[in-house]
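So the chains spell out like this:
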Amino acid sequence: MRVLLSPKTVGSTSGFMGVANLEPGESISEHYHPYSEEFLYVTRGSIIARLDGNPISLSAGEALLVPKNTRHRLENPGTEPASLVFQLAPLAPRPELGHVDTEPYPGSVQAAGGGR
């Protein structure tokens, strides 16, 4: 996972954007954003996004809105790598308030924060 545009990297004031790559079997552990909506766009492969536990399959070229305060987990159950672009807005008042882990999951990719 890599943040590309953020308050720290470019001085943005309304949100931030990044990319994530998930190898087969990898996941981004469940978390939620109390201040931000998250927009996901799959650029390669396929993933399963679990929103409040409900699975949604997404393939390259498909997008998904994760409403604020919605628990979500991203998984690559396939045999091919998957890549996605994410954007969160608005920002949390402070970075440590932007992301709340709900599932400590060894071996998963750590999700990005979401504050100023």
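The preceding data block contains the structure.
Definitions and cut-offs
- Residues numbered from 1 in each chain as written.
- Predicted model: local features only at pLDDT ≥ 70, side-chain atom pairs only at ≥ 80, totals over all residues.
- Heavy atoms only, no water.
- Pairing = 2+ DSSP bridges.
- Helix = DSSP H or I, 4+ residues; strand = E, 2+ residues; numbered from the N terminus.
- Salt bridge = Lys/Arg side-chain N within 4 Å of Asp/Glu carboxyl O.
- Buried < 20%, exposed > 50% of the residue type's maximum accessible area, 1.4 Å probe, protein only.

**Considerations on the sheet that holds strand β10 (residues 100-101)**
In spatial order, the strands read β6-β5-β8-β3-β10; together these five strands make up an open sheet with antiparallel pairing. The two strands at the open ends of the sheet, each matched to only one other strand, are β6 (54-59) and β10. Bridging between strand β5 (residues 46-51) and strand β8 (residues 72-75) involves four bridges; their strand directions are antiparallel. Across the sheet, I48 pairs through a bridge with E75, a residue of β8.

**What about the pattern of salt bridges?**
Scanning the model with the defined rule gives six salt bridges in all. Here E75 ties to R73 by a salt bridge, and the two come within 2.8 Å at their closest N and O atoms. We note that E75, like R73, is buried. Between E96 and R94 there is a salt bridge, with its nearest N and O atoms 2.5 Å apart. Judged by its relative accessible area of 44%, R94 is partly exposed. Among the charged side chains, a salt-bridge network with shared partners connects R50, R73, E75 and E103.

That is the geometry; function is a separate question.
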